[in-house]
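The lines below spell out each chain.
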Amino acid sequence: MPVVPVIAIDGPSASGKGAVAQRVAQRLGFHYLDSGAIYRAAGVAARIAGISLDDEAALAGCGAAMDLEFRDGGVLLAGRDVTADVRSEEGGRTASRIATLPLLRAALLARQQRFRQAPGLVADGRDMATVVFPDAGLKVFLTADVAERARRRALQLAAAQDAADAPKGLIEKENSAIIRAPFDTVLAAVLAELVERDERDSARSVAPLKRAADARVLDTTALSIDEAVDAVCLWYQGAQAQH
Ligand code: DC
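Residues numbered from 1 in each chain as written. Predicted model: local features only at pLDDT ≥ 70, side-chain atom pairs only at ≥ 80, totals over all residues. Heavy atoms only, no water.

1. Examining the pattern of salt bridges
Now for step 1: Overall, the coordinates contain 20 salt bridges when judged by the stated rule.
Now for step 2: Among the ionic pairs, arginine 152 bridges to glutamate 148, the shortest N-O distance being 2.9 Å. You can see arginine 152 and its partner glutamate 148 sitting in helix H8 (residues 146-162), 4 residues apart, about one turn around the helix. Assigned by exposure class, arginine 152 and glutamate 148 land together as buried.
Now for step 3: Its salt-bridge partner being arginine 200, residue glutamate 196 comes within 3.6 Å of it at the nearest N-O pair. With glutamate 196 and arginine 200 both in helix H10 (residues 183-203), this residue pair falls 4 residues apart, about one helical turn.
Now for step 4: Given a relative accessible area of 44%, glutamate 196 falls into the partly exposed group.
Now for step 5: Sharing partners across several salt bridges, the network here consists of Glu90, Arg93, Glu193 and Arg197. (Salt bridge = Lys/Arg side-chain N within 4 Å of Asp/Glu carboxyl O. Helix = DSSP H or I, 4+ residues; strand = E, 2+ residues; numbered from the N terminus. Buried < 20%, exposed > 50% of the residue type's maximum accessible area, 1.4 Å probe, protein only.)

Quick look at the structure:
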């Protein structure tokens, strides 16, 4: 059976890898895996089930069993729309915390690998190239200066607050002090959070965020999303030509 191609895109929070990976997938007609959303959903599922974030075995069991579905850009748990919870800042924080737990990571591995379906997959996360799809045909480590990442994330938060239809309930509730502050204050808070998240995601002992030895680095600090997408697609064409 022919091997289904995978493009693995790893990188730190707010590096733009989600947007880039989605557009690369669209352009190539490939499936898309947002692995961060699976960790985020595992945190939400645990909260709904009343499981303590310190109970690793119970978290792993809950993560393995959760009835998770991605539909029309939304996230459903047992048919219930949990998109706002999953996408909130708190959802990201909880995900980063529980993602340090080896049993949970193991419990979510096969679920991620099942996304590998013809004609191909673009997978975005922290350990796509190192752990989940080590045989990916193209591995990209997408990064950007932390100040630029903070600026992008702060702009996203501001936009979410402005957009009437944005899933903003939780963001407002949990980060009200941040959201309602002047932009500079938001930026400083986001920067501090990103530095902390980078540290936790990179320092954990299991599947830390790190560049695979055979990954190509794409620094998007000065690139638009389209330019980054072009670069990844060119690399993919080049990788295909070699086979
Ligand atoms: O990409 P994201 O911000 O949605 O991810 C949320 C958290 O989930 C991130 O801080 C670390 C964790 N994560 C992980 O450990 N491994 C992945 N492959 C994806 C996300």
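Read on, since the account is not over.
2. Quick look at the packing of helix H2 (residues 35-49) against helix H6 (residues 102-113)
Now for step 1: Running from amino to carboxyl end, H2 crosses H6 at an angle of 130 degrees, the nearest separation of the two axes being 11 Å. One way to sum up the angle between H2 and H6 is to call them oblique. Helix-helix and strand crossings are classified by hand; for H2 and H6 the assignment is right-handed. Of the residues in H6, those touching H2 at Ser35, Ile38, Tyr39 and Ala42 are Leu104, Arg105, Leu108, Arg111 and Gln112.
Now for step 2: Class assignment of the residues belonging to the contact of H2 with H6 gives a composition of 5 nonpolar, 2 polar and 2 charged. (Axes fitted to C-alpha atoms, helices over the stretch in contact; angles between N-to-C directions. Parallel < 35°, antiparallel > 145°, perpendicular 65-115°, else oblique. Left-handed = near helix turned anticlockwise from the far one by under 90°. Contact = heavy atoms within 4.5 Å. Nonpolar A, V, L, I, M, F, W, Y, C, P; charged D, E, K, R; others polar.)

3. Section: the site of the ligand
Now for step 1: Neighbouring residues of the ligand: 16 residues in total, closest Arg40, Arg105, Arg126, Asp127 and Arg204.
Now for step 2: At a separation of 2.9 Å, an oxygen atom of the ligand approaches a polar side-chain atom of aspartate 201.
Now for step 3: About the coverage of the ligand: the protein hides 96% of its 440 Å² of free accessible area.
Now for step 4: Among the elements that line the shell around the ligand, the one with the most residues is H2, at 4 residues.
Now for step 5: Each residue belonging to the shell around the ligand can be placed in one class, and the counts come to 4 nonpolar, 4 polar and 8 charged. (Near = heavy atom within 4 Å. Polar contact = N/O pair within 3.5 Å; in protein donor to acceptor, adjacent residues only side chain to side chain. Areas by Shrake-Rupley, 256 points an atom, 1.4 Å probe, with all protein chains shown as cover.)

4. A word on the packing of aromatic side chains
Now for step 1: Going through the model one piece at a time under the given rule, you end up with 2 aromatic pairs.
Now for step 2: With a centroid separation of 5.8 Å and 85 degrees between ring planes, the pair formed by phenylalanine 30 and tyrosine 236 is classed as edge-to-face. Taken together, the residues phenylalanine 30 in the loop between helix H1 (17-28) and strand S2 (31-34) and tyrosine 236 in helix H11 (residues 225-241) connect sequence positions 206 residues apart. For the pair shown, phenylalanine 30 and tyrosine 236 are each scored as buried.
Now for step 3: Seen from their ring centres, phenylalanine 70 and phenylalanine 115 are 6.2 Å apart, and the 65 degrees between their planes marks the pair as edge-to-face. Of this pair, phenylalanine 70 sits in strand S3 (residues 68-71) while phenylalanine 115 is found in the loop between H6 and strand S6 (121-125), placing the two residues 45 residues apart along the sequence. (Phe/Tyr/Trp six-rings, centres within 6.5 Å; stacked < 30°, edge-to-face > 60°.)

5. A look at the packing of helix H5 (residues 89-98) against H10
Now for step 1: Contact geometry for H5 and H10: axes closest at 10 Å, N-to-C directions at 25 degrees. Regarding the angle of H5 to H10, the classification is roughly parallel. In the crossing of H5 with H10, the sense of the turn from one axis to the other is left-handed. Here Glu89, Gly92, Arg93, Ser96 and Arg97 of H5 come into contact with H10, specifically with Glu193, Arg197, Arg200 and Asp201.
Now for step 2: Tallied by class, residues from the contact of H5 with H10 come to no nonpolar, 2 polar and 7 charged.

6. Here we look at the nonpolar core
Now for step 1: Counting residues in hydrophobic clusters, the biggest one holds 36 residues, and the most contacted among them are Met66 and Phe133.
Now for step 2: Listed by contribution, the elements that provide at least two residues to this core are strand S1 (6-10), H2, helix H3 (56-65), strand S4 (74-77), H5, H6, S6 and helix H7 (128-132).
Now for step 3: The leading source of residues in this core is H2, at 7 residues.
Now for step 4: Not counting residues within four places of it along the chain, the set of residues in contact with methionine 66 comprises Ile38, Ala41, Ala42, Ala45, Leu77, Leu108 and Arg111. (Core = buried A, V, L, I, M, F, W, Y, C linked by side-chain atoms within 4.5 Å.)

7. Digging into H11
Now for step 1: With 17 residues, H11 extends 24 Å between its outermost C-alpha atoms, agreeing within 8% with the 24 Å of an ideal straight helix rising 1.5 Å per residue.
Now for step 2: Restricting attention to buried positions, one finds in H11 the residues Ala228, Val229, Ala231, Val232, Cys233, Trp235, Tyr236 and Ala239.
Now for step 3: Where the residues of H11 are buried, they touch S1, H1, strand S7 (138-143) and strand S8 (216-219). (Expected span 1.5 Å × (residues − 1).)

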